[in-house]
Amino acid sequence: MADWARIEEIFLAAADLSGADRARYLDDACGGDATLRDEVESLLTADGKAEPAFGGAVATAARAFSIGDPTHAGAYKLVREIGRGGMGAVYLGERADGEMSKQVAVKLVQKGWDQSVVAGRFLRERQILAGLEHSNIARLLDGGRLADGTPYMVMEFVDGVPIDEYVRDRGVKEKLTIFLKVCDAVDYAHRKLVVHRDIKPGNILVTAAGEPKLLDFGIGKMLGENAAKTAMTRTGVLLMTPDYASPEQIRGEPASAQSDLYALGVTLHELLTGRLPFADENIRRVLDHHLNTPAPAPGICSTSWWSTCPPPKSRTGPSRFSWPSWGAPTWANQACSMPSVARSGRL
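First things first, this report covers the structure right here in the doc. Remember, predicted model here, so these are calculated numbers, not experimental data.

Reading the values: the criteria
Residues numbered from 1 in each chain as written. Predicted model: local features only at pLDDT ≥ 70, side-chain atom pairs only at ≥ 80, totals over all residues. Heavy atoms only, no water. Helix = DSSP H or I, 4+ residues; strand = E, 2+ residues; numbered from the N terminus. Buried < 20%, exposed > 50% of the residue type's maximum accessible area, 1.4 Å probe, protein only. Contact = heavy atoms within 4.5 Å. Phe/Tyr/Trp six-rings, centres within 6.5 Å; stacked < 30°, edge-to-face > 60°. Lys NZ or Arg CZ within 6 Å of the ring centre and 35° of its normal. Salt bridge = Lys/Arg side-chain N within 4 Å of Asp/Glu carboxyl O. Pairing = 2+ DSSP bridges. Axes fitted to C-alpha atoms, helices over the stretch in contact; angles between N-to-C directions. 1 Å grid on protein atoms, 1.4 Å probe; cavity = no way out; pocket = protein on both sides within 12 Å on 5 of 7 lines; lining within 4 Å. Points joined across faces, edges and corners; volume = space filled by probe spheres on them. Nonpolar A, V, L, I, M, F, W, Y, C, P; charged D, E, K, R; others polar. Lys, Arg positive; Asp, Glu negative; His and termini not counted.

## Some points on the overall build of the chain
- Helix and strand counts for the chain come out as 14 helices and 11 strands.
- In the chain, which comprises 347 residues, the proportion classed as buried is 51%.
- Counting contacts in the chain only where the partners sit at least 6 residues apart, residues at least 24 apart contribute 62% of the total.

## Observations regarding the packing of aromatic side chains
- All chains considered together, the criterion is met by zero aromatic pairs.
- Arg170 extends its terminal NZ or CZ atom over the ring of Tyr166, reaching a point 3.9 Å from the ring centre.

## Some remarks on the pattern of salt bridges
- Counted by the stated rule, this structure contains 13 salt bridges.
- Taking the shortest distance from any N to any O, the salt bridge between Glu41 and Arg37 comes out at 3.0 Å. Of this pair, Glu41 and Arg37 are both found in helix H3 (residues 34-48), four residues apart, which corresponds to roughly one turn of the helix.
- Taking the relative accessible area as the measure of exposure, Glu41 reaches 33% and is therefore partly exposed.
- Look at Arg37 and you get partly exposed, because its relative accessible area is 22%.
- As a salt-bridge pair, Arg191 and Asp187 come within 3.0 Å of each other at their nearest N and O atoms. You can see Arg191 and its partner Asp187 sitting in helix H7 (residues 172-191), four residues apart, about one turn around the helix.
- Put simply, Asp27, Arg37 and Glu41 are held in one network by salt bridges that share partners.

## What about the sheet that holds strand E10 (residues 212-214)?
- The three strands are arranged E7-E9-E10 in an open sheet whose pairing can be described as antiparallel. At either end of the open sheet lies a strand with only one pairing partner, and these are strand E7 (160-162) and E10. In this sheet, adjacent strand axes meet at a mean angle of 35° when their direction is disregarded.
- Relative to E10, strand E9 (residues 204-207) runs antiparallel, the two being bridged by three bridges. Within E10, the residue paired with Ile204 across the bridge is Leu214.
- Across the sheet, H7 is in contact with E9 and E10; its angle to E10 comes to roughly 30°.

## With respect to the pairing of strand E6 (residues 151-156)
- Most of E6 sits out of view: six of its six residues are buried.
- Sheet analysis places strand E4 (residues 103-109) next to E6, joined by five bridges and oriented antiparallel. Its bridge partner lying in E6, Lys107 is registered against Met153.
- Inspection of the sheet shows strand E5 (residues 140-145) paired to E6 by five bridges, in the antiparallel sense. Within E6, the position partnered with Gly143 by the bridge is Met153.

## As for the side chain of Thr241
- Assignment of secondary structure puts Thr241 in the loop between helix H8 (231-235) and helix H9 (247-250).
- Ignoring sequence-local partners within four residues, the contact set of Thr241 consists of Asp198 and Lys200.

## Remarks on empty space enclosed by the protein
- Scanning the model with the defined rule gives one cavity of 30 Å³ or more in all.
- Here the largest cavity defines a volume of roughly 40 Å³.
- What lines the largest cavity is simply Arg197, Asp198, Ile199, Met240, Thr241, Tyr244, Ala245, Gln249 and Ala263.
- Tallied by class, the residues present in the lining of the largest cavity amount to five nonpolar, two polar and two charged.

## Notes on the side chain of Lys175
- In this fold, Lys175 is placed in helix H7.
- Although buried, Lys175 forms no salt bridge, and the nearest oppositely charged side chain, Asp169, lies 7.6 Å from it.
- When near neighbours in sequence (up to four residues on either side) are disregarded, Lys175 contacts Val167, Arg168, Arg170, Leu271 and Leu272.

Here it is in structure tokens:
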């Protein structure tokens, strides 16, 4: 699997350079790794073709602005950093006012972002989470701004591991049972007219008690939201995870609930088989597979049975798996009751 974090790091630095300076930086940063350089250069090319309304916002907004070392956010003391992404950082927090003992996750937007682009996306995530109350979605607890105006949100701290790691050595039925809880959370969000747009194992943590929690609505949107408000997600080449991206996201078209269902299908394939349906070190080949290649059956049941969950009538393109974009929840429900699965020694 490609090292997306390394690719993104080099891309963001190179995007601020041009000509000979960029070439020299890529020579040093890629260190002779032709595959890595090819991936970075493909992103630089795509970024250069972004529509004028967005310009190079992915690059210009994401340049090396430091979050600094904040110590508090409202009533919460920031204990240590527990995660970092393109938009900011997440800290383990504890109540600092003595009112109660509670651990939380505090997410801070990175300083220096173009407030009309990325900080706006951060605030939209906060608004989205405020309207979601589901046992399998990490809850928003509080929000506000630091003294310097940096927005933050306080969320439920999920002490867990990514779903693919949690289910790796577990039986099929247990995998499907946990996966169905994730499907229920996504269905709940859709009924609230919210599309996640970045469903993947890394955004689903499972607690020691076996409860999955869906995280990170950072590139989520409200269905029917003004397209101009979310232009950056149409042209921002890094605002999707290529291994799980739906065809419409790759084409730069508006995402819908079906985009989440497609990503659920890719995730289900990975949980059942331990591998991605389109695993490739080359980003462009991964995206091309999603657009043009029928997905393989995972091999825990016959291909003929696997194909019995039909795709929706709105199917476009051969890569609409016969099961994930619409049938993954249905397939999982049916599989849980299959006699062959129920008798499996792996259950």
